[in-house]
Amino acid sequence: MKIVTWNINGVRARIGNLTHWLTESAPDIVCLQEIKTVDEQFPRAEIEALGYNVETNGQKSFNGVAILSKLPFDEVNRGLPGDDADDHARFIEGVFSTDQGALRVASLYLPNGNPVEDERKFSYKLAWMARLERWAEERLRLEEALVLAGDYNVIPEPADARFPENWLGDALFQPQTRQAFRRLKNLGFTEAVRSVTDSAGVYTFWDYQAGAWQKNNGIRIDHLLLSPEAANRFSSASVEKHVRAWEKPSDHVPVAIELSLQPA
DNA sequence: ATGGTTGGTAGCCAA
């Protein structure tokens, strides 16, 4: 089973890219971030026509996440628990039936957190990461195959940036950000891409500005964390980098994993 | 090199 995460940076502006990519890549489950639309305006018909079930947690103008799946959803949960005052649409979880039992997949869009000097922005990021850690701790107790996928807005290590020195003042590379990501991983997750390569020079995002793509000035910030039950079924990972060279691309590319699971 | 580009929208805002 192929599971992919992709920050699409506006699903309505990118629907042609998305349907073309779905046909070419043939994923079973897709976690989208930054759909930048309310649920009512999500281009669901074009995606359903390709055989996908669609569940969204949208928002006007910015944020918004979705899961597309060839498997039917047994359960859907929207929003990350732990703060009723948080009105950002950054989290959706789906549960599916496989030959190995339940498969739980979450699509997350972690807050950017910049600028670091803006205490509201950066502390919101750290608070969101703390909530995510509590949620993950609870879910891991279920001992199910769990894939926690999305745009983490975290550069885990210097090797995950072409020019790490450029990111020292950035919320994506702060010591507190990196530590919170390590704490999450250390609950018992396997970080898919990192576990099968040394991942140095593997990037998932290139800024639109200053010719970052042409200069390969990229960073690796889109990640898939696997519970032990998912990691035991994990065989390969790939970054679909060629998509960044398409017309009107997202600034992120799809990151895919293969799990040896079959739909029930 | 303190720049530059994009999407959604009427906030120069968020990234």
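As the structure is a computational prediction, the values presented were derived from the model and not from experiment.

Rules and cut-offs
Residues numbered from 1 in each chain as written. Chains lettered and ligands numbered in written order. Predicted model: local features only at pLDDT ≥ 70, side-chain atom pairs only at ≥ 80, totals over all residues. Helix = DSSP H or I, 4+ residues; strand = E, 2+ residues; numbered from the N terminus. Rg over C-alpha atoms; globule rule 2.2 N^0.38 Å. Buried ≥ 20, exposed ≤ 12 C-beta atoms within 10 Å, placed from the backbone. Contact = placed C-beta atoms within 7 Å. Near = placed C-beta within 6 Å. Nonpolar A, V, L, I, M, F, W, Y, C, P; charged D, E, K, R; others polar. Core = buried A, V, L, I, M, F, W, Y, C linked by C-beta atoms within 7 Å. Pairing = 2+ DSSP bridges. Arc of directions from axis to C-beta. Axes fitted to C-alpha atoms, helices over the stretch in contact; angles between N-to-C directions.

Draft legend 1. Geometry of the overall build of chain A. For chain A, the count of helices and strands is 6 helices and 14 strands. Over its C-alpha atoms chain A spans a radius of gyration of 17 Å, differing by no more than 12% from the 18 Å that the globule rule assigns to 264 residues. Projecting the C-alpha coordinates of chain A onto the three principal axes gives extents of approximately 45 × 40 × 40 Å. In chain A, which comprises 264 residues, the proportion classed as buried is 44%. Looking at chain A alone, contacts between residues at least 24 apart form 69% of all its contacts between residues at least 6 apart.

Draft legend 2. Fine view of the protein's contact with DNA strand B. Around DNA strand B there are 14 residues in total, and Gly 10, Ala 13, Lys 36, Ser 61 and Gln 209 lie nearest to it. In terms of residue class, the surface near DNA strand B is built from 5 nonpolar, 5 polar and 4 charged.

Draft legend 3. Focus on the nonpolar core. Ranked by internal contacts, the top residues of the largest apolar core, which has 72 residues, are Ile 3, Leu 32, Val 65, Val 105, Val 147 and Leu 148. For Val 105, the contacting residues outside a window of four places in its chain are Ile 3, Ile 29, Cys 31, Ile 67, Gly 94, Val 147 and Ala 149.

Draft legend 4. Layout of the environment of Tyr 208. Examined against the element boundaries, Tyr 208 turns out to sit in the loop between β10 (205-206) and β11 (218-219). On the basis of neighbour counts, which here come to 11 C-beta atoms within 10 Å, the residue Tyr 208 falls in the exposed class. On a C-alpha basis, the gap between Tyr 208 and Pro 249 in space is 9.3 Å, while along the polypeptide they are 41 residues apart.

Draft legend 5. Representation of the sheet that holds strand β5 (residues 75-78) within the structure. Strand order across the open sheet formed by 6 strands is β5-β6-β7-β8-β12-β9, with mixed pairing between neighbours. For this open sheet the edge positions go to β5 and β9 (190-191), each flanked by a neighbour on one side alone. For β5 and strand β6 (residues 91-98), the ladder comprises 4 bridges, and the chain directions are antiparallel. When the bridges of β6 are listed, Arg 78 appears paired with Ile 92.

Draft legend 6. Structural context of helix α4 (residues 175-185). For α4, the set of buried residues is Thr 177, Ala 180, Phe 181 and Leu 184. Projection of α4 onto a plane perpendicular to its axis shows the buried side chains occupying an angular sector of 100 degrees, all on one side. Of the exposed residues in α4, the ones pointing more than 90 degrees away from its buried face are Pro 175 and Gln 179. Residues of α4 that are buried in the fold lie against α3 (119-140).

Draft legend 7. Up close: the sheet that holds strand β14 (residues 255-259). Strand order in this open sheet of 6 strands is β3-β4-β2-β1-β14-β13, and the pairing throughout is mixed. Whereas interior strands pair on both sides, the edge strands pair on one side only; in this sheet they are β3 (53-57) and β13 (234-239). Each neighbouring strand pair of the sheet contributes to a mean axis angle of 15 degrees, computed without reference to strand direction. Summarising the sheet, strand β1 (residues 2-7) and β14 pair through 4 bridges and their orientation is antiparallel. For Ile 3, the partnering residue across the bridge sits in β14 and is Ile 257.

Treat this as a map of the structure, not an account of what it does.
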